[in-house]
Amino acid sequence: MTSSALVDVHAHFLTPEYVAAAHAAGHQAPDGMPGWPTWDAEKHLTLMDRWGIATSLLSISSPGTHFGDDEAARRLTRHVNETGAKICRAHPDRFGHFASLLLPDVDGALGELARAVDDLGCDGVTVETNTAGVYLGYPRYAPLWAELDRRRTPVFVHPTSPPHAEAIASGRPRPMLEFLFDSARAVSDLAFAGVLQRYPAIPWIFTHGGGVLPLLAERMELFRGMLGPAQPDVPPLPEQVTRLWFDMAGTSFPHQIPALDRAFGTEQLLYGSDYCWTPPAAVEAQLAGIDAAPQPAGTTWRALTTGNCARLFPRLTRLG
């Protein structure tokens with residue numbers, strides 16, 4: 001793999017069975033979007049070649065795989081994870097996979113984690129920022145975080161609609177604004193609940209340059225000081241956030257990535273396209289903006305993100 005060949009950590013796939021299950025659960029217009037995109041492995045590979053992407057990590061996007069019934073969620077999650085693994089076996093040098101976990105079913109998520117990592121060979125797992133309004137600092141999730149910490153498994157956290165989204169989104173698609181705020185809510189919940197401190201071996205990946213997090217981390221720290229006595233063994237919230245990983249999906253330049261750089265640096269910045277939910281023309285515009293932007297000193301954004309990815313996913317950066 002050349003230093004300019006990208007690894008895309010934020011790429012999505014779909015299956016007809018998954019879309020049918022989501023439709024049956026009432027997600028005809030998921031997160032307020034007009035409808036569902038289509039996905040095909042061969043078309044994705046053709047686009048990757050055009051964009052200079054060597055490897056894409058596939059995942060299921062919002063609204064995830066749990067639509068209210070644990071047993072149905074276990075079946076659906078097993079289906080999408082087996083399909084993702086099958087795609088990777090068919091194209092081992094081009095695709096990786098984040099296995100879906102079916103929160104809030106902790107027992108089901110633990111079972112699927114073991115199967116996905118030990119049997120399917122996934123590269124990490126994915127969860128949503130919240131499930132039916134329950135965020136990631138929920139105490140009941142502790143056994144899952146402990147196991148992920150033990151395994152040092154990367155966790156890709158995809159934003160989803162917040163509680164009461166229909167009331168606050170004013171009829172607009174939630175990915176436009178609400179996803180960016182929900183990523184910040186999820187990070188704040190992990191930090192304030194002490195999850196980031198208790199399970200430091202989990203590599204958390206957040207999307208879209210952290211959303212609004214670069215603008216709010218200092219404000220969160222200000223309020224943390226008002227919530228109780230200072231804990232000398234707990235680092236300031238901005239310092240905790242610098243341990244997280246972020247991808248570049250969305251409108252990377254001229255503002256998103258420079259804001260992330262000023263707040264947290266780019267040592268843990270990864271590339272993300274958000275295809276197939278982001279259509280090809282928008283991915284091409286995003287990449288053109290990345291390539292035309294002022295480049296980091298002594299390197300390029302492509303090379304920087306690929307080099308960072310090599311530390312987190314050495315298997316992927318040996319491919320291609």
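Overview of the structure. Because the structure is predicted, anything quoted here is derived from the model rather than measured.

1. Things to note about the sheet that holds strand 10 (residues 269–270)
1) Next: Taking strand neighbours across the sheet as the criterion, the eight strands line up as 1-2-3-4-7-8-9-10 in an open arrangement whose pairing is parallel. Each of the sheet's edge strands pairs with one partner strand only, and the pair in question is strand 1 (6–12) and strand 10.
2) Next: When strand 1 meets strand 2 (residues 53–59), the two strands line up parallel, connected through five bridges. Bridging from a neighbouring strand, Ala11 pairs with Leu58 of strand 2.

2. Describing the pattern of salt bridges
1) Next: One pass over the full model with this rule turns up 11 salt bridges.
2) Next: Asp49 is paired through a salt bridge with Arg94; the nearest N and O atoms lie 3.0 Å apart. Here Asp49, found in helix 2 (residues 41–51), pairs with Arg94, found in the loop between helix 3 (70–90) and strand 3 (95–100); they are 45 residues apart in sequence, far enough to count as distant.
3) Next: The shortest N-O distance in the salt bridge between Glu221 and Arg224 comes to 2.8 Å. Taken together, the positions of Glu221 and Arg224, both in helix 9 (residues 213–224) and three residues apart, correspond to about one turn of that helix.
4) Next: Given the relative accessible area of 21%, Glu221 is considered partly exposed.
5) Next: Each of Asp118, Glu147, Arg150 and Arg151 takes part in a single network of salt bridges with overlapping partners.

3. Quick look at the packing of aromatic side chains
Here a ring pair, both rings aromatic, is described through the centre-centre distance and the interplanar angle of the planes.
1) Next: According to the stated counting rule, one finds 13 aromatic pairs in the structure shown.
2) Next: Here the aromatic rings of Tyr18 and Phe67 are separated by 6.3 Å at their centres, their planes lie at 35°, and the arrangement is tilted. You can see Tyr18 sitting in helix 1 (residues 16–24) and its partner Phe67 sitting in the loop between strand 2 and helix 3, a full 49 residues away along the chain.
3) Next: Centroid distance Tyr138 to Tyr141: 5.3 Å. Interplanar angle 85°. Geometry classified as edge-to-face.
4) Next: A network of ring pairs unites the aromatic residues Tyr18, Trp36, Phe67 and Trp277 as a single cluster.

4. Side note on the side chain of His44
1) Next: Among the secondary structure elements, His44 is positioned in helix 2.
2) Next: When residues no more than four places from it in sequence are discounted, the contact partners of His44 are Ala11, Trp39, Ser56, Leu58, Phe95 and Tyr275.

5. Let's talk about a negative patch on the surface
1) Next: On the surface, Asp69, Asp70, Glu71 and Asp107 cluster together into a patch of negative charge.
2) Next: Mapped onto the elements of the fold, Glu71 is located in helix 3.
3) Next: You can call Glu71 partly exposed: its relative accessible area is 48%.

6. Observations regarding the environment of His66
1) Next: Mapped onto the elements of the fold, His66 is located in the loop between strand 2 and helix 3.
2) Next: Looking at His66, the relative accessible area reads 12%, which means it is buried.
3) Next: In this structure, the C-alpha to C-alpha distance between His66 and Leu103, residues 37 residues apart in sequence, is 6.8 Å.
4) Next: In terms of polar contacts, His66 uses its side chain to reach the side chain of Asp70, at 2.7 Å.

7. A short note on a nonpolar patch on the surface
1) Next: Together, Met176, Leu177 and Phe181 make up an exposed nonpolar region whose accessible area comes to about 280 Å².
2) Next: You can see Leu177 is positioned in the loop between helix 6 (165–168) and helix 7 (178–192).
3) Next: Look at Leu177 and you get partly exposed, because its relative accessible area is 45%.

How each quantity is defined
- Residues numbered from 1 in each chain as written.
- Predicted model: local features only at pLDDT ≥ 70, side-chain atom pairs only at ≥ 80, totals over all residues.
- Heavy atoms only, no water.
- Pairing = 2+ DSSP bridges.
- Helix = DSSP H or I, 4+ residues; strand = E, 2+ residues; numbered from the N terminus.
- Salt bridge = Lys/Arg side-chain N within 4 Å of Asp/Glu carboxyl O.
- Buried < 20%, exposed > 50% of the residue type's maximum accessible area, 1.4 Å probe, protein only.
- Phe/Tyr/Trp six-rings, centres within 6.5 Å; stacked < 30°, edge-to-face > 60°.
- Contact = heavy atoms within 4.5 Å.
- Patch = residues over 30% accessible without salt bridge, like charges linked within 9 Å, V, L, I, M, F, W, Y side chains within 5 Å.
- Areas by Shrake-Rupley, 256 points an atom, 1.4 Å probe, with all protein chains shown as cover.
- Lys, Arg positive; Asp, Glu negative; His and termini not counted.
- Charge placed at Lys NZ, Arg CZ, Asp CG, Glu CD.
- Polar contact = N/O pair within 3.5 Å; in protein donor to acceptor, adjacent residues only side chain to side chain.

Read these as geometric descriptors, not functional statements.
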